[in-house]
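This is what each chain is made of:
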Amino acid sequence: MSGGSGEARGEVRIYLIGYAAALLLTGAAFGAVHWHIAGPRATFAAVLLLGLVQAVVQFRCFLHVSLARTARDDLQLVLFSALIIALMVGGTLVVLFNLHGRMM
């Protein structure tokens, strides 16, 4: 058995763990909304938290972004992209709420 086969097996294992975790987190979010487990604010917070955990799972298991020194460039790229997306979404929400306030 060569070293490459064990490495490939470990990578497939990481993908399967990520897939199972993504399915469980998605199912938990849908379940929280479908069965009205808590009030609207608590459900929103739970879905938001589950979404953040799922993003971490996606980055770690599928994009192979880690906190190791060798992967710092990848992590910085992801964080910069997240900052740009957050600024775009935040700006859009500011404009939409401003328009809503002016219309009412």
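Residues numbered from 1 in each chain as written. Predicted model: local features only at pLDDT ≥ 70, side-chain atom pairs only at ≥ 80, totals over all residues. Heavy atoms only, no water.

Here we come to the overall build of the chain. When helices and strands are tallied, the chain shows three helices and zero strands. Across the chain, helices and strands are ordered from the amino to the carboxyl terminus as α-α-α. Taken against the 2.2 N^0.38 rule, which gives 13 Å for 104 residues, the C-alpha radius of gyration of the chain at 19 Å runs more than 25% over that of a compact globule. Seen through its C-alpha atoms, the chain measures out along the principal axes to roughly 70 × 35 × 15 Å. (Helix = DSSP H or I, 4+ residues; strand = E, 2+ residues; numbered from the N terminus. Rg over C-alpha atoms; globule rule 2.2 N^0.38 Å.)

Before going further, it helps to spend a moment on the side chain of Gln54. With respect to the helices and strands, Gln54 occurs in helix α2 (residues 40-62). Sequence-distant contacts of Gln54, defined by excluding residues within four places in its chain, comprise Ala22, Leu25 and Thr26. (Contact = heavy atoms within 4.5 Å.)

What follows deals with unusual backbone geometry. Residue His36 is not a glycine yet carries a positive backbone phi of 50°. Relative to the helices and strands, His36 resides in the loop between α1 (3-34) and α2. Taking relative accessible area as the criterion, His36 reaches 63% and is therefore assigned exposed. Its identity as a non-glycine residue notwithstanding, His64 has a phi of 55°, on the positive side. (Buried < 20%, exposed > 50% of the residue type's maximum accessible area, 1.4 Å probe, protein only.)

Moving on, we come to the confidence of the model for the chain. Per-residue pLDDT for the chain has a mean of 89; in total, 97% of the residues score no lower than 70. For the chain, helix α3 (residues 72-103) is the element with the lowest average pLDDT, namely 90, and α2 is the one with the highest, namely 93. (pLDDT = per-residue confidence, 0-100.)

It is worth spelling out α2 at this point. Between its terminal C-alpha atoms α2 stretches 32 Å, which fits the 33 Å expected from 23 residues at 1.5 Å a residue. Of the residues making up α2, those classed as buried are Thr43, Leu50, Gln54, Val57 and Cys61. (Expected span 1.5 Å × (residues − 1).)

Attention shifts here to the layout of surface pockets. Estimates place the volume of the largest pocket at around 260 Å³. Those elements giving two or more residues to the lining of the largest pocket turn out to be α2 and α3. For the lining of the largest pocket, the element with the highest residue contribution is α2, accounting for six residues. Per-class residue counts for the lining of the largest pocket are nine nonpolar, two polar and one charged. (1 Å grid on protein atoms, 1.4 Å probe; cavity = no way out; pocket = protein on both sides within 12 Å on 5 of 7 lines; lining within 4 Å. Points joined across faces, edges and corners; volume = space filled by probe spheres on them. Nonpolar A, V, L, I, M, F, W, Y, C, P; charged D, E, K, R; others polar.)

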